[in-house]
Amino acid sequence: MGRVHRHAVRLTRRFMSASPLGRLTGLLPLIGLILAWQAAVMAQIYPPVLLPAPVRVANAFVLYGGDIVHNTLASLSRVVIGIGLAFVVGVPMGLLIGRFAWLDRLFDWSIQTFRSVPPISLIPMAMLFFGIGDTPAIVLIFLAGLWPLLLNTIFGVRTIERTLLKVAAAAGAGEALILRDIVWPAALPSIFTGLRLAVGGGWLTVVTAEMIAVKSGLGYMILNAQMTFRPELIFAGIIVIGAIGLLADFAVQRLRRIACSWQEGLTVQGR
Amino acid sequence: MSAAFIECLDVGKIYEGRTGSVEALRGVSLACAEGEFVCLLGLSGCGKSTLLQMIGGLEEPSSGQIVVAGRELSGPSPATAIVFQDHGLFPWMTVAQNVAFNMKARGVGAKQRRERAAEMLALTGLSSFATRYPHELSGGMRQRVGIARALTTKPRALLMDEPFGALDAQTRARLQHELLEIWAAQRTTVLFVTHSIDEAVFLADRILVFTPRPGQLAADVTVDLPRPRTPRSPGFAALAAKLRGLLGTEEGSE
Ligand SMILES: Nc1ncnc2c1ncn2[C@@H]1O[C@H](COP(=O)(O)OP(=O)(O)OP(=O)(O)O)[C@@H](O)[C@H]1O
Ligand SMILES: [Mg+2]
């Protein structure tokens, strides 16, 4: 019995880690959740106006398909723009701050102060300054992405091997070459860690901001569904938010693996 | 000034650390003629790397002065190239890109870089690994890449910091032979740091022996053995025994 059990555990482990199909085991808990949801509906723990059946939610994707796609694209484009701006600003700043100690002394306290402010708490101010629409949302996403990108870039620059900088100094390399050929690639793995956090934070922020400061997007759609008593659309919206969060994370990690392929075999990361 | 290519005059180095200062070197004076193969021999921690980095212009001496190619140092001299103890290869660059880096830093054009890198890769037997990344190489191959990179700029002096320290005996012996061949062909000056007595006797025209705490130059020994040398010859063994005495290993300081 014990041996059979151990054998089964080993087979399962091998399946989960090795085969490409094995990666799909990550879906199991989600399927379990849907089953539990269905069970709760059948047991009528909550009335259907609060807890719609899975089938009804699936149906909502057909019924409100156009709405969902339109709002999803609205949210996505805001995040892409906001995080894109955060990348363009945060990464070069981080490379310079990490490289030059005097810039670090100049900015460190300010960065630590501002990064402690949750972007969501800035919604009222953003609305005062930018009104209602895309601008306040993009500004908030920008801020949500800026700090993780900036801090992880700085961290990445700090972890460069000292010898490599000595090689550059001995070769008489100029500062531009050092930044482009050494500092930037050395920091890239960390920058991707920052990007992953930034994309996650940006996605959280966009949904929240859309519930208050914008009249489109998934956040707005969910809030609107609540006010018009369409719980199945609320659920559909939440599922889309979660699924896109998952896919965005996949995308960033895939990108990381391509951009940092030289790292393969150096770390256990990214298998 | 004499005809020495590398000259140190009463050079000292004190590192100021958070836990107090460390005197790494005191009163080191040496001269090294062009084309000479000189080994810096000493036990761990006696300041060999420190001295080499100062000659390479990467560290500033706390006292004294260093002259390379007739000019007092202020920063790395274009006449020298360094091979580092831990090879210092860029993990995100291919072997060919690593080898070409020193030339890129000097603004050599892309075409010329490619040609010269290919030449040096051929010289060090790495041609078939040009597109690999450092982590795909063995330790010995990585050291060769470091040497190939240092040679690309035709340095008049090669500063080598225990380049073969982490290798097995066979690989080490093979690379020592190759290095002597390169040295004979290119006629560069070599300053070679090692803590291995056998390696020093095998390679050097002259051995500078250092003693620790603080690092000081204890002896300047000329090696009069004809090349190729073999550790089994009586002259080799006698010299090795003499160096063992100079290093003070029997006192068990390390
Ligand atoms: N950057 C540094 N800061 C402070 N102390 C240092 C620094 N570099 C070296 N030292 C100290 O200087 C002394 C000499 O070090 P060095 O690395 O030159 O020795 P070494 O002869 O090269 O030793 P090894 O054979 O182990 O490489 C040591 O006591 C070391 O602790
Ligand atoms: Mg050393």
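Residues numbered from 1 in each chain as written. Chains lettered and ligands numbered in written order. Predicted model: local features only at pLDDT ≥ 70, side-chain atom pairs only at ≥ 80, totals over all residues. Heavy atoms only, no water.

All right, on to the interface of chain B and chain A then. A common way to state how big an interface is: give the accessible area lost once the parts meet. The interface of chain B with chain A comprises 21 residues on the first partner and 21 residues on the second. Of the roughly 1,800 Å² buried at the junction of chain B and chain A (both faces included), carbon and sulfur atoms supply 71%. The interface formed by chain B and chain A includes 1 salt bridge. Two residues, D181 of chain A and K104 of chain B, come together in a salt bridge whose shortest N-O distance is 2.7 Å. Counting across the chain B and chain A interface gives 5 residue pairs in polar contact (both at pLDDT 80 or more). Counted by class, the side of chain B that touches chain A contains 12 nonpolar, 4 polar and 5 charged residues. (Contact = heavy atoms within 4.5 Å. Buried area = accessible area lost by both parts, 1.4 Å probe. Salt bridge = Lys/Arg side-chain N within 4 Å of Asp/Glu carboxyl O. Polar contact = N/O pair within 3.5 Å; in protein donor to acceptor, adjacent residues only side chain to side chain. Nonpolar A, V, L, I, M, F, W, Y, C, P; charged D, E, K, R; others polar.)

On to the packing of aromatic side chains, then. Applying the stated criterion across every chain, the model contains 9 aromatic pairs over all chains. Look at W37 of chain A and F235 of chain A: their rings are 5.3 Å apart centre to centre, the planes differ by 25 degrees, and that puts the pair in the stacked class. Of this pair, W37 of chain A sits in helix α2 (residues 28-42) while F235 of chain A sits in helix α11 (residues 231-259); the two residues are 198 residues apart in sequence, bridging distant segments of the chain. Look at W262 of chain A and W92 of chain B: their rings are 5.5 Å apart centre to centre, the planes differ by 70 degrees, and that puts the pair in the edge-to-face class. Highlighted residues: W262 of chain A in the segment after α11 and W92 of chain B in the loop between β6 (80-83) and α2 (95-105), drawn from two different chains. You can call W92 of chain B buried: its relative accessible area is 12%. (Phe/Tyr/Trp six-rings, centres within 6.5 Å; stacked < 30°, edge-to-face > 60°. Helix = DSSP H or I, 4+ residues; strand = E, 2+ residues; numbered from the N terminus. Buried < 20%, exposed > 50% of the residue type's maximum accessible area, 1.4 Å probe, protein only.)

Residue and element names in this part refer to chain B. Taken together, the neighbourhood of ligand 1 is formed by 13 residues, with S44, G45, K48, S49 and T50 sitting nearest. G47 places a main-chain nitrogen or oxygen 3.0 Å from an oxygen atom of ligand 1. Here an oxygen atom of ligand 1 sits 2.8 Å away from a polar atom, N or O, in the side chain of K48. Compared with its free state, where it exposes 640 Å², ligand 1 has 63% of that area covered by protein. Every element with two or more residues in the shell around ligand 1 is listed here: β2 (20-32) and α1 (48-55). (Near = heavy atom within 4 Å. Areas by Shrake-Rupley, 256 points an atom, 1.4 Å probe, with all protein chains shown as cover.)

Turning next to the confidence of the model for chain A. Fine structural detail should not be taken from predicted coordinates in areas where pLDDT scores are low. Looking at chain A, the pLDDT average stands at 91 and 93% of residues meet or exceed 70. Of all secondary-structure elements in chain A, the lowest mean pLDDT belongs to helix α1 (residues 2-17) of chain A, at 71, while helix α4 (residues 65-99) of chain A reaches the highest, 96. (pLDDT = per-residue confidence, 0-100.)

Glancing now at the nonpolar core. Formed by 92 residues in total, the largest nonpolar core has its most connected members in I6, L51, I55 and F101 of chain B. Mapped onto the domain boundaries, this core takes at least three residues apiece from domain 1 (1-45) and domain 2 (53-263) of chain A. Filtering out sequence-adjacent residues up to four positions away, F101 of chain B remains in contact with A168, A171, A173, L177, D181 and I182 of chain A together with F90 and M93 of chain B. Membership of the second largest hydrophobic core comes to 50 residues, among which are C39, V83, L175 and L239 of chain B. (Core = buried A, V, L, I, M, F, W, Y, C linked by side-chain atoms within 4.5 Å. Domains from an automatic or database assignment.)

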